[in-house]
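# Summary of structural features
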Amino acid sequence: MRPRHGTFLLYSAFLLMLLTCPPNGHAQGVEDSGATTELSCSFAMEQGETGSPCRVPFPQGCVVASIPGTKQPWATVSKGGRVQCRFDEKETDWKTKITGACGRCQSIRCSAHFSVRFGCTTQQ
């Protein structure tokens, strides 16, 4: 009986959270409600290699979207293996160019994936 009772309490707590959270608490405002486009670049490398610069394409008529509720660029770095990766501060201005960079791969294989979300106007 205890597992069912515990499950019931868990569902009840979840339902209570849904009912008490304000609707659209993290939604973008009306002026920011347009769809986003995501573009990325990625590469793989072997142990000891350093990845070449990875340039995320910058679509014409688009701007880098901000993480909802912040002014931070909506961008993500994902990696596999023992490697350090980041957006290159010297080669990235977030207005015309975005470049990802990684250090030396310290495991048998490494991979990196840099993705950025853009807000694009429908009018040209």
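Our subject in this report is the structure included herewith. Treat the numbers as computed from the prediction; the structure is a model and nothing was measured.

### What about the overall build of the protein chain?
- For the protein chain, the count of helices and strands is one helix and seven strands.
- In the protein chain, the succession of α and β elements from N to C terminus is α-β-β-β-β-β-β-β.
- Of all intrachain contacts in the protein chain linking residues separated by at least 6 positions in sequence, the fraction that spans at least 24 positions is 66%.
- When the accessible area of the protein chain is evaluated, it comes to approximately 9400 Å², of which 55% is carbon and sulfur surface.

### Some thoughts on the sheet that holds strand S6 (residues 98–102)
- Reading across the sheet, the three strands line up as S2-S6-S5 and stay open at both edges, with antiparallel pairing between neighbours. At either margin of the open sheet sits one strand with a lone partner, and together these are strand S2 (54–56) and strand S5 (85–87). With direction set aside, neighbouring strand axes in the sheet form an average angle of 25°.
- Sheet topology note: the S2/S6 ladder contains three bridges and is antiparallel. In the sheet register, Arg 55 faces S6, and the bridge partner there is Thr 99.

### As for unusual backbone geometry
- Here Trp 94, not a glycine, exhibits a phi torsion of approximately 65°, which is positive.
- Note that Trp 94 resides in the loop between S5 and S6.

### Description of the side chain of Ser 107
- Here Ser 107 shows up in the loop between S6 and strand S7 (109–120).
- Reaching out from Ser 107, the side chain makes a polar contact with the backbone oxygen of Arg 109 at a distance of 3.0 Å.
- Look past the residues within four positions of Ser 107 in its chain and what remains in contact with it is Glu 46, Gln 47, Gly 81 and Arg 82.

### Examining the state of the cysteines
- Counted under the stated rule, the structure contains four disulfides.
- Across a sulfur-sulfur distance of 2.0 Å, Cys 41 and Cys 54 are joined as a disulfide pair. A residue pair is termed long-range when its members are at least 10 positions apart, and Cys 41 in strand S1 (residues 36–46) and Cys 54 in strand S2 qualify at 13 residues. The same class applies to Cys 41 and to Cys 54, which are both buried.
- Between the sulfur atoms of Cys 62 and its disulfide mate Cys 120 the distance is 1.9 Å. Taking the torsion about the sulfur-sulfur bond, which here is approximately 105°, the covalent link between Cys 62 and Cys 120 counts as right-handed. Here Cys 120 lies in strand S7 and Cys 62 lies in strand S3 (residues 62–64), a separation of 58 residues in the sequence.
- Note on Cys 62: relative accessible area 10%, which makes it buried.
- In the protein chain, numbering the disulfide-bonded cysteines from first to last in sequence yields the connectivity 1-2, 3-8, 4-5, 6-7.

Analysis parameters
Residues numbered from 1 in each chain as written. Predicted model: local features only at pLDDT ≥ 70, side-chain atom pairs only at ≥ 80, totals over all residues. Heavy atoms only, no water. Helix = DSSP H or I, 4+ residues; strand = E, 2+ residues; numbered from the N terminus. Contact = heavy atoms within 4.5 Å. Areas by Shrake-Rupley, 256 points an atom, 1.4 Å probe, with all protein chains shown as cover. Pairing = 2+ DSSP bridges. Axes fitted to C-alpha atoms, helices over the stretch in contact; angles between N-to-C directions. Polar contact = N/O pair within 3.5 Å; in protein donor to acceptor, adjacent residues only side chain to side chain. Disulfide = S-S within 2.5 Å. Buried < 20%, exposed > 50% of the residue type's maximum accessible area, 1.4 Å probe, protein only.

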